[in-house]
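Fold and geometry: a report
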2 protein chains.
Amino acid sequence: MQACGLVVEYNPFHNGHAYHIQEARKASDADCIIAVMSGDFLQRGEPAIMDKFYRAKAALLSGVDIVIELPFAFAVQSSDLFAKGAIHTLHEIGVSSICFGSESGNASDFTNSYEYLKGSEALYRTTLKAELAKGFSFPEASRHAYQEIGLSEDSMDLTKPNNILGYSYVKTILKNEYKIEPLTIKRTNSGYHDEAITGSIASATSIRKALNEHNTITNQVAHAIPTSTIEQLTEYKSESGQWHTWEHYFDLLQYRVMTMTPGELANIHGVEEGLEHRIKKTAMHARSFHEWVEAVKTKRYTWTRLQRIFVFILANVRKEEIAPLVSNHSVPYVRILGLTKNGQAYLNKAKKQMNVPLVSKLSRQDNPLLQLEERASNAYYSILTPAIRHKLKKQELMPPLLINK
Amino acid sequence: MQACGLVVEYNPFHNGHAYHIQEARKASDADCIIAVMSGDFLQRGEPAIMDKFYRAKAALLSGVDIVIELPFAFAVQSSDLFAKGAIHTLHEIGVSSICFGSESGNASDFTNSYEYLKGSEALYRTTLKAELAKGFSFPEASRHAYQEIGLSEDSMDLTKPNNILGYSYVKTILKNEYKIEPLTIKRTNSGYHDEAITGSIASATSIRKALNEHNTITNQVAHAIPTSTIEQLTEYKSESGQWHTWEHYFDLLQYRVMTMTPGELANIHGVEEGLEHRIKKTAMHARSFHEWVEAVKTKRYTWTRLQRIFVFILANVRKEEIAPLVSNHSVPYVRILGLTKNGQAYLNKAKKQMNVPLVSKLSRQDNPLLQLEERASNAYYSILTPAIRHKLKKQELMPPLLINK
């Protein structure tokens, strides 16, 4: 039995994701589709619109066979670490290929770039460092560094977000000599119509925007997502009372920062170069999360980087916590959120080959690796009333969701 | 010019307090009444019904000449430290007497008890320690220890709350050989813990209960407080939207505890003997602050002690922070909240004799001593909307309120 791996966030699962799965099956010829998905906090430092269990279920009912949670320590990071966590996980679970969307759409672009850049790594790093020191943000500095080592616009545009991610996946595969074939499909534009999928394709960002603006699933949105997502979104809202946004967390975050010492804040993962003073100073006057980030932001920091930092503040992630979790040449565990019968059949074979623990539920153990997940989960649910929070957190203690497919 | 010192909380200032001031003037024959008042968090670990500036103003308009804030590090403590902070402060400001209410009503009771107990201090301590080890709460253990050293019911009942405080005041005065005459008046019929309001003198506890129950100043309450308090209570509610209770802080506190590691919680001032596990465990299921304290409480801990601990959690007070502030033989500074013209005249002379800095406003300095005050203030105001919080916090940066009296 062969599996193809996808790296996803599903915030929320939409028609474009269904298309991706369809194409992945075709390109890989795999029997089983395995998605590694960010948990309750996402790569760009946002709280997910609904929790990971509901998002996983929407995916399992729409073509994914196994959903694995990308550990928090890898999920809320810039592309390199994010990719590492995802690829190590997919390697552990024994996929024979991965399939990712990219602006390039051409797998050989990525492998060729790797070969080319491999030799220029040192020069890339030196230039990157120098550009960062000049005060450029990471994406800008990276772009300058790529230019420096001669990567032209022809070869592959490594400033495009999905190309960047795709490149990080390929780099991790090749560096570790994993037997995983990288496959890529060209990303569609919003509005592209494919006969095989009823409805339209819209970006997750635009879907979330519409959901939060109207506080209901409008017709437009309903056309862009499968039934499973409509159901899960509706059920989550009915259970918890809301779809999560950063603004929901503003009060807690402001309280937290205003009762931290500068020293504590400086010890939060990601807080460097005196940023703690800026964050504390602006805390008092901010009237919303958006205002706050705007007040903190300088040329040196992207919005995304600041959002991630606020996730770490909210979930109380200290500097010394992340390194032990991400510095090995693997992930510390593989956490299954849910699977279909087909996925279960695959897993029963694959788990015999695994080198790290297979975690199916968070039990009341004092495993330090899982402590951070617990705290992130607590932070995510902190805006709900105690009764609802208690109910939703129970999902952490249940075995993985099993779908009869 | 002579001054008489009072140790108060004024939560809120009521007719009993006005009576106290009147009697203090008579007994001391002083020109100036100086009150050392707990700030936004009180000795029994409660958030004040309205902030310290409003409470101070009510007092200044009803007979007090100077209101000094008892530093947070001393205010939210059991009687010994609380008393130390208060007496050192009053000594610094040069009072020639103090006047406190007590169940005994007889100053010589206190000085005699001191002489008697001075010799038995070691035996008292040993017995106290043994009783605490048996699992008795502090008040019970203290009572057993007093019995052990032969303090009979005749001499003075050292289990009565005001006697305990009064005794701590006298002990501090005599130990340090301060030239301060202790005067005491017998407390009127409302017992310290009485819940029902009777006549025009009622306990602060019963007044707060009525205020929070009806969310307005009822006639009954209005008869028990002076006009200045009616005005201040009304104005504060109108400005901030509420009178503060512990339940207002529940969400923030729950969020805080659920995103702390056990190690962090164990490092909070006052958290001992594994209490951190109990606090974390009960956090999830509690539906209110009251429920939470009930769930944590055992025979070993009084309600008061637990409330104090929750103050320290809320304001993020670490173990290493309190000791440097309270272990010297004085207070680190004297912070004036407000004064009348009469008080100002007194202060102009008295300040020449002071040995510690006179702080009139919290400026943007990095004085570590004041950092804790800032954080406590932030914690107190954290339940208000950003705009209102900003407005009220501005009071911290203003010179002391000057009343034309």
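Residues numbered from 1 in each chain as written. Chains lettered and ligands numbered in written order. Predicted model: local features only at pLDDT ≥ 70, side-chain atom pairs only at ≥ 80, totals over all residues. Heavy atoms only, no water.

- Looking at an unreviewed UniProt entry, one finds chain A named tRNA(Met) cytidine acetate ligase and attributed to Oceanobacillus jordanicus.

**A word on the relation of the copies chain A and chain B**
- Overlaying chain A on chain B yields an RMSD of 0.1 Å, the required transformation being a rotation through 180 degrees with an accompanying axial translation of 0.0 Å. The superposition operator between the copies reduces to a two-fold rotation axis. In terms of C-alpha distance to the rotation axis, chain A has Leu252(A) as its closest residue, with the C-alpha 3.1 Å off the axis.
- Of all interface residues in chain A, 100% are interface residues in chain B too; the two copies therefore contact each other through one and the same surface. (Least-squares fit on C-alpha atoms with pLDDT ≥ 70 in both. Contact = heavy atoms within 4.5 Å.)

**Notes on unusual backbone geometry**
All names here are of chain A.
- Following Asn 11, the chain continues to Pro 12 via a peptide bond in cis, the omega torsion being 0 degrees.
- In this fold, Pro 12 is placed in the loop between strand 1 (3-8) and helix 1 (15-28).
- Positive phi outside glycine occurs at Asn 215, with the angle close to 60 degrees.
- In this fold, Asn 215 is placed in the loop between helix 8 (204-214) and helix 9 (219-224).
- Residue classification places Asn 215 among the partly exposed residues on the basis of a relative accessible area of 48%. (Helix = DSSP H or I, 4+ residues; strand = E, 2+ residues; numbered from the N terminus. Buried < 20%, exposed > 50% of the residue type's maximum accessible area, 1.4 Å probe, protein only.)

**Some remarks on the interface of chain A and chain B**
- The interface is formed by 31 residues belonging to chain A together with 31 residues belonging to chain B.
- At the junction of chain A and chain B, the tally comes to two salt bridges.
- Of the charged contacts in the structure, one is a salt bridge between Glu264(B) and Arg318(A), with a shortest N-O distance of 3.9 Å.
- Put simply, chain A and chain B have eleven residue pairs in polar contact (both at pLDDT 80 or more) between them.
- Those elements giving two or more residues to the side of chain A that touches chain B turn out to be helix 11 (246-258), helix 12 (262-266), helix 15 (303-314), helix 18 (368-381) and helix 19 (386-393) of chain A.
- If one sorts the elements of the side of chain A that touches chain B by residue count, helix 11 of chain A sits on top with seven residues.
- Here the side of chain A that touches chain B is built from residues that sort into 14 nonpolar, nine polar and eight charged. (Salt bridge = Lys/Arg side-chain N within 4 Å of Asp/Glu carboxyl O. Polar contact = N/O pair within 3.5 Å; in protein donor to acceptor, adjacent residues only side chain to side chain. Nonpolar A, V, L, I, M, F, W, Y, C, P; charged D, E, K, R; others polar.)

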